Amino acid sequence: MLELARKTHARILLTSTSEVYGNPLEHPQTESYWGNVNSLGIRSCYDEGKRAAETVTMDYYRTYGVDVRIARIFNSYGPRMNINDGRVVSNFIVQALKGEDITIYGDGSQTRSFCYCSDTVNGLHLLMNQEFIGPMNIGNPVESTIKELATKIISKVKDTKSKVVYHPLPSDDPTRRLPNTDKARALLKWEAKVPIDEGLDNTIAYFSGLLKEAPETEFEMSKLNKIKKITATREKQEKILREQQKRQEEIIAKFKKDNA
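An account of the accompanying structure is given in this report.

Cut-offs applied
Residues numbered from 1 in each chain as written. Predicted model: local features only at pLDDT ≥ 70, side-chain atom pairs only at ≥ 80, totals over all residues. Heavy atoms only, no water. Helix = DSSP H or I, 4+ residues; strand = E, 2+ residues; numbered from the N terminus. Contact = heavy atoms within 4.5 Å. Polar contact = N/O pair within 3.5 Å; in protein donor to acceptor, adjacent residues only side chain to side chain. 1 Å grid on protein atoms, 1.4 Å probe; cavity = no way out; pocket = protein on both sides within 12 Å on 5 of 7 lines; lining within 4 Å. Points joined across faces, edges and corners; volume = space filled by probe spheres on them. Phe/Tyr/Trp six-rings, centres within 6.5 Å; stacked < 30°, edge-to-face > 60°. Buried < 20%, exposed > 50% of the residue type's maximum accessible area, 1.4 Å probe, protein only. Lys NZ or Arg CZ within 6 Å of the ring centre and 35° of its normal. Lys, Arg positive; Asp, Glu negative; His and termini not counted. Salt bridge = Lys/Arg side-chain N within 4 Å of Asp/Glu carboxyl O.

Turning to its location among the elements, Asn137 is positioned in strand β7 (residues 136-138). For Asn137 and Ile252, which are 115 residues apart along the polypeptide, the C-alpha to C-alpha distance reads 42 Å. Filtering out sequence-adjacent residues up to four positions away, Asn137 remains in contact with Tyr21, Gln29, Thr30, Glu31, Arg72, Phe74, Pro179, Asn180, Thr181, Ala184 and Trp190. Looking at Asn137, its side chain comes within polar contact range of the side chain of Tyr21, at 2.8 Å.

Let's shift gears to the layout of surface pockets. Its volume calculated, the largest pocket comes out at about 2,000 Å³. Considering the residues around the largest pocket, the lining is formed by 49 residues, among which Asp85, Gly86, Arg87, Val88 and Asn91 are closest to the centre. Contributions of two or more residues to the lining of the largest pocket are made by β1 (12-17), α2 (44-64), β3 (76-77), α3 (88-98), β4 (102-105) and α8 (218-258). The greatest single-element share of the lining of the largest pocket, amounting to eight residues, is contributed by α8.

Tallied over the full model, the rule gives six aromatic pairs. Judged by centre distance (5.2 Å) and plane angle (65 degrees), the rings of Tyr206 and Phe207 are edge-to-face. For Tyr206, a relative accessible area of 23% translates into the label partly exposed. Cluster of aromatic residues (ring-pair linked, three or more members): Tyr21, Tyr33 and Phe74. Positioned over the ring face of Tyr64 is Arg6, at 4.6 Å from the centre of the ring.

Here the focus is the side chain of Asp47. Note on placement: Asp47 falls in helix α2. Here Asp47 sits buried without a salt bridge, and the closest side chain of opposite charge, Arg43, lies 4.6 Å off (N-O distance). Excluding residues that lie within four positions of it along the chain, Asp47 makes contacts with Glu19, Gly22 and Val37.

Next up, the structure:
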């Protein structure tokens, strides 16, 4: 896409993500923060993929003068999300509508900042139609815990039999996520306006209608099962890696003691 933008002299938008900040030591996160990312972690393919995309985008700007804009999106949600996309909002809503247990990884104290899709789109539109390259945080500076989100969704889905169940927290899962949006407010005159309750009501209504009109097909269920299988395999390999790292640390500690 960058090469196409170079050849056609088009302006191009990179929709990056808050994941470039990794598990941040700075809170809230400003665009000048370089992040705290484990390049070998189980989530690294996403984090580092977005960081690499930002790097290549800026190289095309510096080398070829391509007209680029970079947005860092924080947990956008809303109607027309994919029913099996694995994001926390869609997962919780679909589980609640089906009466299934809502799965929280860890104790639910980790935080996210949820930005409704119309606010996200408005921010991206404004970013594309002004002079500043970015990166620009596009998100809602209101922090919610995952447990609060689950409880709120259960309360909004009538007659659901869902309850919250807890599973071990995956390694490298960010503990906090909150954008500093001063840059977007000052340069774009933009800020998120849709409150979480209104956004969830709209999203629940969408998924409720979707499940009634077109129940999940055999293909969709097969795809979901494949994702679950891949995830289980990755978690198994990650457990083996953690055990290996523990043995490695023990051997190194003994080596240092013996050679002190």
